[in-house]
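Coordinate inspection notes
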Amino acid sequence: MARIELVDLAHAYGANPGAAGPWALRPLSMNWRDAGAYALLGPSGCGKTTLLNLISGLLTPTHGRLRFDGRDVTQLDPRERNIAQVFQFPVLYDTMTVFDNLAFPLRNRGWKAPQVRSRVQEVAELLELTTDLPRRARGLPPDAQQKISLGRGLVRTDVAAVLLDEPLTVIDPHLKWLLRRKLKQVHQQLQVSLIYVTHDQVEALTFAEEVVVMNHGEVLQVGTPRELYDAPAHTFVGHFIGSPGMNLLPCALEERSVWLGPVQLPMDPRWLAAARQAGTTYQLGIRPDAVELCTAATPDALAAQVRSVQSMGTHTLLQVECAGGLLWIRAAAGVSLTTDTTYLRLPRDKLVLFADQRRVAAPGAVA
């Protein structure tokens, strides 16, 4: 396994990206520890596959350096980097047996037959492929074929990292959670470095120890699932993470308070001063499960018009219009509303303040 360092790394598919065209990947620097589990998360076209291909060596960066365990690999091809890559569609030899598919990388490296058998058996047991070893790969279902593709990377003991590019896209939904659980088990048992590309937040948040959220070629935040949910660094992260995502409401700042429509909310003046230094347009963010329903109007309550009520079994999902925007509220199951007008309270400790779309750290909080 390897510690991976990205040093001012950037890439463009055309010449002179700064003047004539956009960066596919904007300059970034970060360190990924040995044996970590990371996910690159974002919508299609955000740059996550470009970043993965730069790490694997399928692309040479326009700018910057890559290091594995301190060794500069920027100009090395994929073979010299000892990277295993699992693609969206399984890559395997479909006329070979499962055993021969898993054994192929080891035989190419001159392993002796007893060593090959032992290692293939070990990986097959881990991936629950033991009974399929004598079968030809062609006749197996897609989930089994993808496990073979994963196994071809795991069977090697010299890989610096295993890169997975949307590996569950072609898998039936009811099998995805089984493969996600299997990937977690593989990581825990083998302590292999895994980098997982996906546009699905459930896959990213349940698999990775840290998630890299990207949009328009830029890394917006790197953090644990909890950090991304509680303290999004950008409005895109707040809205992208969660189902529904974070509510975002335009607001106006005074010296000691924030105005949301006609309601004035007292705030720490240090927080507001930091926001004014950071930008000129402001939004307050709050998660749907943090919004509180009130039975009557109070000085700090927002009047809201109910637009929809959806029973989700374990909870009720409300959409309301207030303070110039639409809000989602995750309320208790079976909540009853007698009128189309309700009142909302936004707890101060659950609010996130953004200036020009970037989160402003609250006093005493980590930026």
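Refer to the structure above for everything that follows.
Attention here is on the structure that accompanies the text. (Residues numbered from 1 in each chain as written. Predicted model: local features only at pLDDT ≥ 70, side-chain atom pairs only at ≥ 80, totals over all residues. Heavy atoms only, no water.)

A word on the packing of helix 4 (residues 98-108) against helix 5 (residues 113-126)
Running from N to C, helix 4 and helix 5 cross one another at 130 degrees; their axes reach a closest spacing of 10 Å. Our classification of the angle between helix 4 and helix 5 gives oblique. In terms of crossing hand, the pair formed by helix 4 and helix 5 is right-handed. Contact residues: Phe99, Leu102, Ala103, Leu106 and Arg107 in helix 4; Val116, Arg117, Arg119, Val120 and Ala124 in helix 5. (Axes fitted to C-alpha atoms, helices over the stretch in contact; angles between N-to-C directions. Helix = DSSP H or I, 4+ residues; strand = E, 2+ residues; numbered from the N terminus. Parallel < 35°, antiparallel > 145°, perpendicular 65-115°, else oblique. Left-handed = near helix turned anticlockwise from the far one by under 90°. Contact = heavy atoms within 4.5 Å.)

Concerning the packing of helix 4 against helix 6 (residues 142-154)
It is the contact of helix 4 with helix 6, at a shortest axis distance of 8 Å, that shows an interaxial angle of 30 degrees. Taken together, helix 4 and helix 6 sit at an angle that is classed as roughly parallel. Here helix 4 and helix 6 pass one another in a crossing that is right-handed. Of the residues in helix 6, those touching helix 4 at Val98, Asn101, Leu102, Phe104 and Pro105 are Ile148, Gly151 and Arg152. Considering only residue class, the contact of helix 4 with helix 6 consists of 5 nonpolar, 2 polar and 1 charged. (Nonpolar A, V, L, I, M, F, W, Y, C, P; charged D, E, K, R; others polar.)

Considering the pairing of strand 9 (residues 210-215)
Counting buried residues in strand 9 gives 5 out of 6 residues, a clear majority hidden from the surface. Across 4 bridges, the pairing between strand 3 (residues 37-41) and strand 9 is parallel. For Tyr38, the partnering residue across the bridge sits in strand 9 and is Glu210. The sheet contact formed by strand 9 and strand 10 (residues 218-223) spans 5 bridges and is antiparallel. Residue pairing across strands places Met214 opposite Val219, the latter belonging to strand 10. Remark: 2 residues form the turn of the hairpin made by strand 9 and strand 10, two consecutive strands paired antiparallel; His216 in that turn has positive phi of roughly 50 degrees. (Buried < 20%, exposed > 50% of the residue type's maximum accessible area, 1.4 Å probe, protein only. Pairing = 2+ DSSP bridges.)

Points about the sheet that holds strand 3
Strand order in the open sheet made by the 6 strands is 6-7-8-3-9-10, with mixed pairing throughout. Either end of the sheet is taken by a strand with one partner, and the two such strands are strand 6 (83-86) and strand 10. Going across the sheet, the axis of each strand differs from the next one's by a mean of 20 degrees, ignoring polarity. Of the pairings in the sheet, the one linking strand 6 to strand 7 (residues 161-165) comprises 4 bridges and is parallel in character. When the sheet's bridge partners are listed, Gln85 is paired in strand 7 with Leu163. Sitting on the sheet, helix 6 is in contact with strand 6 and strand 7, with an inclination near 175 degrees to strand 6.

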